[in-house]
Amino acid sequence: MANKMIIGLESFPKRKRGNTIFKFESFCEADYPTQLKGSSFEENIRTILGFGSSETVAEAETKFWSFQLELNQHPQKILRLFVVEEDAKKLSPHWCQHCRSIGWGGHLICNKRFHFVLPRKEATPQTQGLNIEIHHNKHLMHGVLHSNGFGHLISLNGFAGGSEFISGRQVFSLWDRICTALRVRKISLTDMAERDGMELRLIHGVAFGKTWFNQWGYTFTRPTYGITFEMYNQSLATLQSFPLCLLIPHFTCHSKEIPFIIAKYQTISNQRLVTLGDLFKFMLKFKSRLPFNSVTPLNYHGVISENTGRWSAKRVEMAARVIVEALKRSEVRWVTRQEVRDRARAYIGDTGLLDFVLKSLGNHIVGNYVVRRMVNPVTKVLEYCLEDLSSVLPPSVNGNSGKIRVRLQMTKLQVSKDMFHLYRHILKEPGTSGWVHSNAPLGAIPMAVRMVLDTKHFVKDYQEVQERKTNDVIQNYDYVNLNCTIRVRNDGKGLLMKELPHENVSVSIHASIGELKAEVQRCFRRMYFGLSSFVAESVVGFNGLDSCSFYNSIRSKNCIVIEGRLDQICVNGVFEGGDNNIVVKCGCGATNEDGERLICCDICEGWQHSRCAGVPDSEEIPRIFLCNRCENDIVSLCPINFY
């Protein structure tokens, strides 16, 4: 795929007469803008492009269309969806890097590719000219579809990616509707999405046990670093089910923040948060209900508000202050409930009042302190401690004249900070907290995190969805859609190419065998870069004349195989895998290219991951490299005695 492609549009004048503005939320949904009756992607893409506006571009050879999409919001926002048609013959190299990474290197290179680009800059009728660099990851959306129906989502950016008016969920729903309407086959993506500085595939995996893209049907398909589907699922399950009670004792000694964060959200939640997955799931859902930075008090029932009327507010306030002073005088950070109660009894004789306040206090702000409460996971005893908030509380709280604050205030930004703190110290950089041990079970966290982060490639098979909707397509009984593929022979010496992906070929129900072969020949020549000289010769399983009716002559019409030859035999450079016949043999178990950086041994010419060979991705590949096996062989050689 081209490294750089910049399309320069001419000035975008005021709305042309007849130009249609489509609704963003329903574009390509059901019959909007039209019912796509084609049985293949190629037919449907041509139909939908007929509703777009053909653009004038600086590169006259490039075909370019645009669609104006209106968002359902005020003030009016109109986005321009651009579709760029690329000719593979004019590209250098011809092959697609994304196909190689996802495991589709055995596919033939298609003649046409269609780029769907939703630029970040919103379009208005006053926009004067626009330059679009196709191949960069800053667009709101960039997807590429090959003419055989396979494709890739290259970039997606919502609010977290810098968008000011549309979310990533809205953009992805648009992409999914386009792919469904056009009847694509399979779409791949590489999950590198981030949210608030955290890898989304990790935090969403810990919270929900699957990638964020799974809600649209994208699933694990391509091993990376030798990680299998079972290993990936087991890693997610390990992180999800990890008990919080095993984490808290270690962080109590090394970090004062994490136990408080865990206790805070355990208090907020109406359900028990027992595992790491419970905690992250609750935080993500809780964050979605909060404003970004405006302060909103949570619905806490504080010490005073929980008073049933047995004691006056003044007595409750006095008891709370006595408990706080008792905690301040303690020589240890965490004090058991019984010890706090015994110290407070020297000033408060009413044990019922003390028990009520101790029961009510838990992550409440009293003066410039927050009273924390948690059960010691080892002794199973309730303990209390104080955290001084004088340096972080807003002035309105610091200057509250000693009144008890019985509400905590949370914002979306604060939840993001708390989650990032957990993410960094528990998942991403556990060594910085001084608690990592090689012994199980804590030592399982870094290994599981690494496997989840190394799993990036996901694919959705749209053909499964389309098969369920086949009956909804209007049928033309004069024509029949056939699944056809071809075999290419090398002058009778054997197969030059194995069977290719099946293509839908539409022929008249009265067509002859010769007409069927001609239509299949035309279809595959038009579709694939390396089949421009393909000549269809015979139908596998049929030995009759070309004049025979195919409908009466071929028993099985579910899969028709046409055999033929190439007039110009040249198979190099016609596959998406390119001309690189490299042999991958890495210590992690990988045997194929998986999109990660590889390094080649200068002796055996075997390839392996540079990371697995001890060369971090942040460092350049050395000019001379020997794999461990060749290096050990050299070391084991007997010295040569020249005397």
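Residues numbered from 1 in each chain as written. Predicted model: local features only at pLDDT ≥ 70, side-chain atom pairs only at ≥ 80, totals over all residues. Heavy atoms only, no water.

Peer 1: Where do I start with the side chain of Lys 287 in this structure?
Peer 2: Mapped onto the secondary structure, Lys 287 falls in helix α8 (residues 276-288). Overall, Lys 287 belongs to the buried group, its relative accessible area being 12%. Residue contacts for Lys 287: discarding those within four places in its chain leaves Arg 195, Asp 196, Lys 412, Val 415 and Ser 416. (Helix = DSSP H or I, 4+ residues; strand = E, 2+ residues; numbered from the N terminus. Buried < 20%, exposed > 50% of the residue type's maximum accessible area, 1.4 Å probe, protein only. Contact = heavy atoms within 4.5 Å.)

Peer 1: What is the right way to look at the environment of Tyr 528 in this model?
Peer 2: Here Tyr 528 shows up in the loop between α16 (513-527) and β24 (534-539). Remark: the alpha-carbon pair of Tyr 528 and Ser 147, spanning 381 residues in sequence, is separated by 8.5 Å. What Tyr 528 contacts, discounting residues up to four positions off in sequence, is Leu 108, Ile 109, Cys 110, Asn 111, Asn 148, Pro 501 and Glu 503.

Peer 1: It is not clear to me how the side chain of Ser 416 should be interpreted in this structure. Could you clarify?
Peer 2: Position of Ser 416 relative to the elements: it lies in helix α13 (residues 412-428). A relative accessible area of 10% means that Ser 416 is categorised as buried. If we ignore the near neighbours within four places in the chain, the residues touching Ser 416 are Asp 196 and Lys 287.

Peer 1: Help me understand the packing of helix α4 (residues 200-208) against α8, please; the structure alone is not making it clear to me.
Peer 2: Relative placement of two packed helices is described by the angle separating their axes and the distance separating the axes. For the pair α4 and α8, the least separation of the axes is 7 Å and the interaxial angle reads 110°. By the angle between their directions, the pair α4 and α8 is classed as roughly perpendicular. Two packed elements cross with a definite hand, and for α4 against α8 that hand is left-handed. Taking contact as the criterion, the partners of Ile 203, Val 206, Ala 207 and Phe 208 in α4 are, on α8, Leu 276, Gly 277, Phe 280, Lys 281, Leu 284 and Lys 285. (Axes fitted to C-alpha atoms, helices over the stretch in contact; angles between N-to-C directions. Parallel < 35°, antiparallel > 145°, perpendicular 65-115°, else oblique. Left-handed = near helix turned anticlockwise from the far one by under 90°.)

Peer 1: Honestly, the packing of aromatic side chains in this entry has me stumped. Any pointers?
Peer 2: For the structure shown, the criterion picks out 24 aromatic pairs. Ring centres 5.1 Å apart and planes at 70° place the aromatic pair Trp 104 and Phe 150 in the edge-to-face group. Note that Trp 104 is positioned in the loop between α2 (97-102) and β6 (112-118) and Phe 150 in strand β9 (residues 150-156), a separation of 46 residues in sequence. One Lys or Arg, Arg 100, reaches over the ring of Trp 95 and ends 4.4 Å from the middle of that ring. For Arg 611, the ring lying beneath its charged end belongs to Tyr 225, and the centroid distance is 3.8 Å. (Phe/Tyr/Trp six-rings, centres within 6.5 Å; stacked < 30°, edge-to-face > 60°. Lys NZ or Arg CZ within 6 Å of the ring centre and 35° of its normal.)

Peer 1: Is there a simple way to explain unusual backbone geometry in this structure?
Peer 2: Glycine aside, a negative phi is what most residues show, and trans is what most peptide bonds show. In the segment running from Tyr 32 into Pro 33, the intervening peptide bond is cis, with an omega of 5°. One non-glycine residue with positive phi stands out, namely Arg 183, at about 60°. Of note, Arg 183 is situated in the loop between α3 (168-182) and β10 (186-190). Even without a glycine there, the phi angle at Lys 380 is positive, about 65°. Tracing the backbone shows Lys 380 in the loop between β17 (369-375) and β18 (382-388).

Peer 1: Teacher, can you tell me more about α16 here?
Peer 2: For an α-helix the count is 3.6 residues per turn, leaving residues at separations of three or four pointing the same way. The terminal C-alpha atoms of α16, which comprises 15 residues, lie 21 Å apart, in line with the 21 Å expected from a rise of 1.5 Å per residue. Those residues of α16 that sit buried are Ile 513, Leu 516, Lys 517, Val 520, Cys 523, Phe 524 and Met 527. For α16, the angular spread of buried residues about the axis comes to 130°, placing them on one side. (Expected span 1.5 Å × (residues − 1). Arc of directions from axis to C-beta.)

Peer 1: Before we go on, may I ask you to explain helix α10 (residues 337-344) in this structure?
Peer 2: When we look at burial in α10, the residues that qualify are Val 340, Arg 341 and Ala 344. For α10, the angular spread of buried residues about the axis comes to 100°, placing them on one side.

Peer 1: What is the right way to look at the pattern of salt bridges in this model?
Peer 2: Oppositely charged side chains can pair when the atoms bearing their charge come close. Taken as a whole and assessed by the stated rule, the structure comprises 22 salt bridges. One continuous salt-bridge network, built from bridges that share partners, spans Arg 46, Glu 85, Asp 87 and Lys 112. (Salt bridge = Lys/Arg side-chain N within 4 Å of Asp/Glu carboxyl O.)

Peer 1: What's the story with the nonpolar core in this structure? I'm lost.
Peer 2: Grouped burial of nonpolar side chains is what soluble globular proteins tend to show. In terms of nonpolar packing, the biggest core is built from 88 residues, with Phe 116, Leu 182, Tyr 218, Tyr 265 and Leu 427 touching the most fellow members. Here this core takes eight residues from α3, the largest share from any one element. If we skip the residues at most four places from it in the chain, Leu 427 touches Leu 202, Val 206, Leu 239, Leu 276, Phe 280, Leu 422, Ile 445 and Val 449. One finds Leu 108, Ile 109, Ala 511 and Phe 529 within the second-largest nonpolar core, a separate group that totals 31 residues. (Core = buried A, V, L, I, M, F, W, Y, C linked by side-chain atoms within 4.5 Å.)

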